Every structure is written in C-alpha cells, then in structure tokens.
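# Reading the structure
Letter by letter, the chains look like this.
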Amino acid sequence: MVIDATKCVNCHSCTIACQNQNDLVPKEYFNRLEEKEYGTFPNYGRRITPVQCQHCDNPPCVSVCPVGASYKRKDGVVAVNTKTCIGCKYCIVACPYSVRMVNKAEGYVHKCTFCIDFVERGGQPACVTTCPMGVRTFGDLKDPDSDVVKLIAVKKPVQLLKEMNTRPSIFYILG
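Residues numbered from 1 in each chain as written. Predicted model: local features only at pLDDT ≥ 70, side-chain atom pairs only at ≥ 80, totals over all residues. Heavy atoms only, no water.

Take the overall build of the chain next. Along the chain, the regular secondary structure elements total six helices and nine strands. The C-alpha atoms of the chain give a radius of gyration of 16 Å, which matches the 16 Å a tight globule of 175 residues would have. For the chain, the spread of C-alpha atoms along the three principal axes comes to 50 × 40 × 30 Å. Looking at the 175 residues of the chain, the share that counts as buried comes to 43%. Of the accessible surface of the chain, which amounts to about 9,900 Å², a share of 53% is contributed by carbon and sulfur atoms. Side-chain charges of the chain comprise 22 positive and 16 negative groups, with the mean position of each set lying 3 Å from the other. (Helix = DSSP H or I, 4+ residues; strand = E, 2+ residues; numbered from the N terminus. Rg over C-alpha atoms; globule rule 2.2 N^0.38 Å. Buried < 20%, exposed > 50% of the residue type's maximum accessible area, 1.4 Å probe, protein only. Areas by Shrake-Rupley, 256 points an atom, 1.4 Å probe, with all protein chains shown as cover. Lys, Arg positive; Asp, Glu negative; His and termini not counted. Charge placed at Lys NZ, Arg CZ, Asp CG, Glu CD.)

Now the structure itself:
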C-alpha cells in the first residue's frame with residue numbers, strides 16, 4: 001500500500017470504514033490518524049499521517065507469539081488466528097507501530113487484515129475504497145505493473161520506522 005499523507009484531510013472515513021468492516025466498537029480502531037504540527041507562524045503546518053498494521057516483511061509480532069497465533073501469510077499479510085490466540089499481548093509489546101488491540105469481550109488480539117476477504121475476491125480494503133481524497137493505493141508489491149510499484153518508483157516514498165528493520169509493506173508520501 002502507498003499512503004499519500006499530503007492528500008489526507010483528517011475526515012476519518014478510513015477509520016470509520018475499518019470499524020464498520022471489522023465490527024469494532026467506537027473506541028477501537030485498526031486505522032488511526034496521527035496529527036503532527038510543525039514550524040511556527042507564519043510558516044506553520046500540520047501533517048496527518050494514517051497509521052495501521054504495516055504488514056511487515058520481518059514482523060516482530062510473529063516471532064514473539066508463543067503459540068503461533070500471529071503469522072505471516074504467503075501473500076505477505078500478517079494475520080492473527082483468533083482461535084489459537086491466548087491473549088498474552090507479547091505481539092502488542094513487540095509491534096513498534098502500536099496497531100494491535102485486544103478484543104475485550106473475547107480476550108484475543110486482533111488487527112488490520114488489509115480486508116483480505118475483499119482482496120481475495122478482487123476488491124480493495126475498505127479504507128482504500130472509502131477515502132474521498134484517494135489517499136491510499138493498494139496493490140501487489142511483486143507486480144511491476146501495479147499502481148503501488150509505479151508510485152514507489154516515481155514518488156520515492158518512505159517507510160515508517162525503517163530503522164527497526166521490520167521492512168513494512170506500507171509506503172508513505174509525506175510531502
């Protein structure tokens with residue numbers, strides 16, 4: 001996924017779409033908007049950065065899971081088997097992006113799945129299709145003809161916390 005943070009207007013449609021898609025209660029979200037202010041008047045600005053599971057190529061959440069409930073699928077999506085998760089929260093501590101949550105009613109940890117059920121049927125994640133500003137572009141990083149690969153080549157986006165060597169699958173255009 002490529003996220004063009006320069007287009008984000010802080011409308012929260014991505015957050016609400018994600019909550020609806022995943023049956024999350026109002027104070028739970030897999031998709032958050034971080035707001036940072038920079039500069040001083042008259043050269044002041046704000047940047048809104050959408051943050052979610054980065055679906056890392058080297059996910060620390062997977063290696064710390066004592067029961068293998070956190071795992072990486074062949075397609076690169078980092079997932080949680082909620083039936084085997086024991087709720088120990090090691091994965092929450094290991095994730096440098098703070099994007100995992102405990103389902104308080106059931107006790108398991110859950111997170112963004114890139115709406116893989118839609119994607120497997122040829123669709124796009126809910127956060128992508130709902131955004132009125134076209135902030136997110138989703139596609140296959142292994143397909144040289146995909147829009148995400150083309151955007152990465154042209155825009156030279158950055159990855160969050162690249163120094164952690166998690167090798168995130170989400171790239172950011174920060175402007």
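Continuing now.
Attention now moves to the pairing of strand 3 (residues 43-51). Relative to strand 3, strand 2 (residues 32-40) is paired through nine bridges, and the arrangement is antiparallel. Residue E34 lies in a different strand from strand 3, and its bridge partner there is T49. Remark: two residues form the turn of the hairpin made by strand 2 and strand 3, two consecutive strands paired antiparallel. (Pairing = 2+ DSSP bridges.)

One open sheet holds the three strands; their spatial order is 8-1-9, and the pairing between them is mixed. Here the strands that pair on one side only, and so sit at the sheet edges, are strand 8 (136-137) and strand 9 (171-173). Strand direction decides the pairing type here: strand 1 (residues 2-4) and strand 9, joined by three bridges, are parallel. Bridging across to strand 9, I3 finds its partner in Y172.

As a further point, take helix 1 (residues 13-21). Of the positions making up helix 1, those classed as buried are S13, C14, T15, A17, C18 and Q19. In this structure, the buried side of helix 1 is in contact with strand 2, helix 5 (126-130) and strand 8. A positive phi of about 50 degrees marks D23, the residue just after helix 1. (Contact = heavy atoms within 4.5 Å.)

The omega torsion of the bond from F41 to P42 falls at 5 degrees, within 30 degrees of zero and hence cis. Here P42 is to be found in the loop between strand 2 and strand 3. The phi torsion at D23 lies on the positive side, around 50 degrees, for a residue other than glycine. For D23, the location among the structural elements is in the loop between helix 1 and strand 2. Residue class for D23 comes out exposed when judged on its relative accessible area of 68%.

Moving on, we get to the pattern of salt bridges. For the structure on display, the rule yields six salt bridges. Of the charged contacts in the structure, one is a salt bridge between R73 and D75, with a shortest N-O distance of 2.7 Å. A residue is classified by how much of its surface remains accessible, and R73, at 24% relative accessible area, is partly exposed. In this structure, E120 and R73 form a salt bridge, with 2.7 Å as the shortest nitrogen-oxygen distance. Residue E120 is located in helix 4 (residues 116-120), and its partner R73 is located in the loop between strand 4 (70-72) and strand 5 (78-80); the two are separated by 47 residues in the primary sequence. Here E120 falls in the exposed class, since its relative accessible area comes to 55%. Connected via shared salt-bridge partners are D57, K72 and R167. (Salt bridge = Lys/Arg side-chain N within 4 Å of Asp/Glu carboxyl O.)

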